[in-house]
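Architecture and fold: a report
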Amino acid sequence: MEAKMGKFFESVSTFFTGGDHIPWCDADIVAGCEREVADSEKSDSDAVKSESLMRLSWALVHSKREENVQRGIAMLEASQVGTTNPLMERERMYLLAVGHYRSGDYSRSRQLVERCLEIAPDWRQALSLKKAIEDRITKDGVIGIGIAATAVGLVAGGIAAALSRKK
């Protein structure tokens, strides 16, 4: 019985705190990736430049700062043009999905993660992100219904109070 109660309280806590398992990235990591990109500009290798840009994009979309997330999304959208490598395309779509998830655009995030799953149906990261998106959409819907129900209750209570004062 205690185990069931523990699971119940854990699920309620997860519901209200968000509970996704997508990693966050701090400013030090972003700064390190930016230095790496600057250093890679000196290289003749396009592969080195591309890899350092992908690492920076990863750091940006996983950042806690909204402006970094938006910058990461913009970088990924700009770099998506002309990609012929399906693995790189999948990675970029996944990072875009993370960025849109972090910025609150859940419908766009879900579209992108579903495209990732078309390429790799068993990809655990994408499946985990898809579940986090669906949980967040459900949570937002429940909260919205609660707010609407509260508003209706307040209006009905106000009308009832006004009617009772007239009598």
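The structure displayed is predicted, hence computed values, not measured ones. (Residues numbered from 1 in each chain as written. Predicted model: local features only at pLDDT ≥ 70, side-chain atom pairs only at ≥ 80, totals over all residues. Heavy atoms only, no water.)

A short note on the packing of aromatic side chains
Per the counting criterion, the structure on display carries two aromatic pairs. A centroid spacing of 5.0 Å and a plane angle of 55 degrees characterise the contact between Tyr 94 and Trp 123, whose relative ring orientation is tilted. Taken together, the residues span a long stretch of sequence, with Tyr 94 in helix H5 (residues 86–102) and Trp 123 in the loop between helix H6 (106–119) and helix H7 (124–166) at a distance of 29 residues. Accessibility classification places Tyr 94 together with Trp 123 in one group, the buried group. Cation over ring: Arg 90 sits above Trp 123, and NZ or CZ is 3.9 Å from the ring centre. In this structure, Arg 102 is placed above the aromatic ring of Trp 24, and the distance from its NZ or CZ to the ring centre is 3.6 Å. (Phe/Tyr/Trp six-rings, centres within 6.5 Å; stacked < 30°, edge-to-face > 60°. Helix = DSSP H or I, 4+ residues; strand = E, 2+ residues; numbered from the N terminus. Buried < 20%, exposed > 50% of the residue type's maximum accessible area, 1.4 Å probe, protein only. Lys NZ or Arg CZ within 6 Å of the ring centre and 35° of its normal.)

Digging into the confidence of the model for the protein
Residue-level pLDDT values for the protein average 80, and 78% of them are 70 or greater. A low-confidence stretch, residues 11–17 (pLDDT under 50), is modelled with five contacts involving residues beyond four sequence positions or located in other chains. (pLDDT = per-residue confidence, 0-100. Contact = heavy atoms within 4.5 Å.)

Quick notes on the pattern of salt bridges
For the coordinates displayed, the defined rule picks out eight salt bridges. As a salt-bridge pair, Arg 115 and Glu 89 come within 3.9 Å of each other at their nearest N and O atoms. Taken together, the positions of Arg 115 in helix H6 and Glu 89 in helix H5 put the pair 26 residues apart, joining distant regions of the chain. Across the pair Glu 91 and Arg 90 runs a salt bridge whose closest N-O atoms are separated by 3.3 Å. Residue Glu 91 is classed as partly exposed on the basis of its relative accessible area of 25%. Take Arg 90: its relative accessible area is 15%, and that puts it in the buried class. (Salt bridge = Lys/Arg side-chain N within 4 Å of Asp/Glu carboxyl O.)

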